[in-house]
Amino acid sequence: MTQAEDGGSNRELYALLHVSPEASDEEIRKAYRQWAQIYHPDKYQDQQMKDVATENFQRICEAYEILTDEYKRQIYDIYGMEGLTSGLELGPKLNKAEEIKEELERLKRKREEEKKAAHFQPSGVILAQLSVPSFLAGHGIMRAMSMNSEIQSQISKNNVIAFGGTLAVKGNDGDAAANAVFRHQLSSVSSIEVMASVGLRGLIGVQTSRQLSRHANATMGLAVSLRDGSINLSNSWNRQLSTTSNASIELILGSDSSVAVGWRKKDKKMAAAGEIRIGTSAIGAVGRYTHRFSSKSHGRITGKIGSSALELEIGGGRKISDFSTVRMLYTIGIQGIYWKLELHRGGQKLVVPIFLSRHINLGFAAGAFLIPTSLYLTLKSLVFKPYYRRREKQQALENMEQTRAQVKEAKAAAEKAQRLLQNVANRKQSKQLESNGLVIIEAVYGNPKVIKSINNNSEEKEDELASQIVDVTLPLNFLVSDSGQLKLHEGVKKSGIMGFCDPCPGETKKLYVKYTYGGNRYEVEVDDLQELILPQEGHRI
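Residues numbered from 1 in each chain as written. Predicted model: local features only at pLDDT ≥ 70, side-chain atom pairs only at ≥ 80, totals over all residues. Heavy atoms only, no water.

A. Spatial organisation of the sheet that holds strand E21 (residues 510-517). Reading across the sheet, the 4 strands line up as E19-E18-E21-E22 and stay open at both edges, with antiparallel pairing between neighbours. This sheet does not close on itself; its edge strands, each paired only once, are strand E19 (469-471) and strand E22 (520-527). Each strand of the sheet is rotated relative to its neighbour by a mean of 15 degrees, with strand direction disregarded. As paired strands, strand E18 (residues 439-446) and E19 are joined by 3 bridges and run antiparallel to one another. Bridge pairing in E19 links Tyr 445 to Val 470. Lying on the sheet, helix H7 (residues 362-434) is in contact with E18 and E19; it crosses E18 at an angle near 160 degrees. (Pairing = 2+ DSSP bridges. Helix = DSSP H or I, 4+ residues; strand = E, 2+ residues; numbered from the N terminus. Axes fitted to C-alpha atoms, helices over the stretch in contact; angles between N-to-C directions. Contact = heavy atoms within 4.5 Å.)

Rendered as structure tokens:
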């Protein structure tokens, strides 16, 4: 399971100094002075301890230098250490955060464009329509088939060219088409496309797009049919309503004129979309809702209603690899009952609609939905889930093997850093014990599965997985304030805290803390980027 970033990768220096990402220069200077008292090399006579102190003091000095420099801090907050080493030159022309961000965005776009220019971007759809009634009648199971493919390439900084084609067969009839599109970026806010298609629905056309404002854009197109010479005009306007939603209006004038209003919303857990279209040949509305149950699985429901459609579609899908997703959908409507199987891999799609019956019988419709659903749930429980658990475990072990040396080195560095914190941490702990204050009695950071086994007092912990946690009791006792409080800031990866390390790179991490306060025992578990404030009555056991 990949660890979500959420900006935490650009906050390690804040974790190192134990300050908030919103900390003032004075707060950063104060934190620097406190850490310098612990890690300044001149405080140690033993050469080994002096070497450890020197190494950590250099880290503290680097963090202080970056976070107290206005320009460097702005760059670091946006792009982290990568931004500081990207070759950006700071000068009098870049004196605002917006200007710095714009320049970094330009450098990032340039790298992405260079990467795109070196590769073609293929995409395509294969549609195979099957019919069970036709097969039972002895006429064959294949109802129709079509293939659509396109290759797009960035031929220069402002120019993109794409070539594609379509082959379609239905019964004894077939058709084909070929198309080409040339796109030119006129400026940072506008572009133009010229397109041509021959064969099926042959046409030539031009389309231009422009960013009207920060939250709005518009597109206008003109197309001429090569078959009958008819002209179609299209206009669309899109506006961002919030960070997760936008709305659109589309107007088409031609042989099949229509006007449509649409809305879309998408966040981490769900996606929803709706459209109402009124045309000269049909009127209709469609709505779709997708809910993500996890990072790998989702459910979807779609409804259509109009002068030529009345349909309900329900189903779900699962991500089976980094690039592949499978989906199964059940459809019932005035055209009959269907199953639909989909495989998405990269830019390629395989779609297989299976026509079951034109007549809507209640028993058959229920069976067509319940039988595959029950079969899937059974296979998921007995086959898929055990398989994916074994695969995830194997991948975790492989990742541990690949990062073993890195983790070993990081743990050794954390232990050395803790060694220099020990005297102060012990004094603070003794003071808190005397006043019945906040004392951390156990704290571990790392793999949530190992932490869960600790909470459940499980004896089934494997040595390999147990290596994916690190004991951070000492550094947390060091961070307890004289007033008996502890705060770890939100949005800051805890692996960057002095005395911590990342025991399982690439995996999700949590922090588990057991502590005493006022004679009572408490425990709490928080995510890597989650704020932690101790003590709290809600943590009481």
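B. A look at the side chain of Thr 290. Here Thr 290 shows up in strand E12 (residues 283-292). Since its relative accessible area comes to 10%, Thr 290 is described here as buried. In terms of polar contacts, Thr 290 uses its side chain to reach the side chain of Arg 300, at 3.2 Å. Those residues in contact with Thr 290 that lie beyond four places of it in its chain are Lys 269, Met 270, Ala 271, His 298, Gly 299 and Arg 300. (Buried < 20%, exposed > 50% of the residue type's maximum accessible area, 1.4 Å probe, protein only. Polar contact = N/O pair within 3.5 Å; in protein donor to acceptor, adjacent residues only side chain to side chain.)

C. Inspection of the state of the cysteines at higher detail. Under the counting rule described, the total for this entry stands at 0 disulfides. Summary of cysteine pairing: Cys 501 is not part of a disulfide, and the nearest cysteine sulfur, belonging to Cys 504, is at 9.2 Å. Given the relative accessible area of 4%, Cys 501 is considered buried. (Disulfide = S-S within 2.5 Å.)

D. Broad picture of the pattern of salt bridges. Scanning the model with the defined rule gives 16 salt bridges in all. Notably, a salt bridge pairs Arg 327 with Glu 342, separated by 3.0 Å at the nearest N-O pair. Of the two residues, Arg 327 sits in strand E15 (residues 324-333) while Glu 342 sits in strand E16 (residues 336-345), which places them 15 residues apart along the sequence. Here Arg 327 matches Glu 342 in class, with each residue buried. Through salt bridges that share partners, Glu 26, Arg 29 and Arg 33 make up one connected network. (Salt bridge = Lys/Arg side-chain N within 4 Å of Asp/Glu carboxyl O.)

E. Representation of the side chain of Ser 258 in the model. Relative to the assigned elements, Ser 258 resides in strand E10 (residues 258-266). Overall, Ser 258 belongs to the buried group, its relative accessible area being 10%. Reaching out from Ser 258, the side chain makes a polar contact with the side chain of Arg 277 at a distance of 2.9 Å. Sequence-distant contacts of Ser 258, that is, excluding residues within four places in its chain, are made with Glu 250, Leu 251, Ile 252, Arg 277, Ile 278 and Gly 279.

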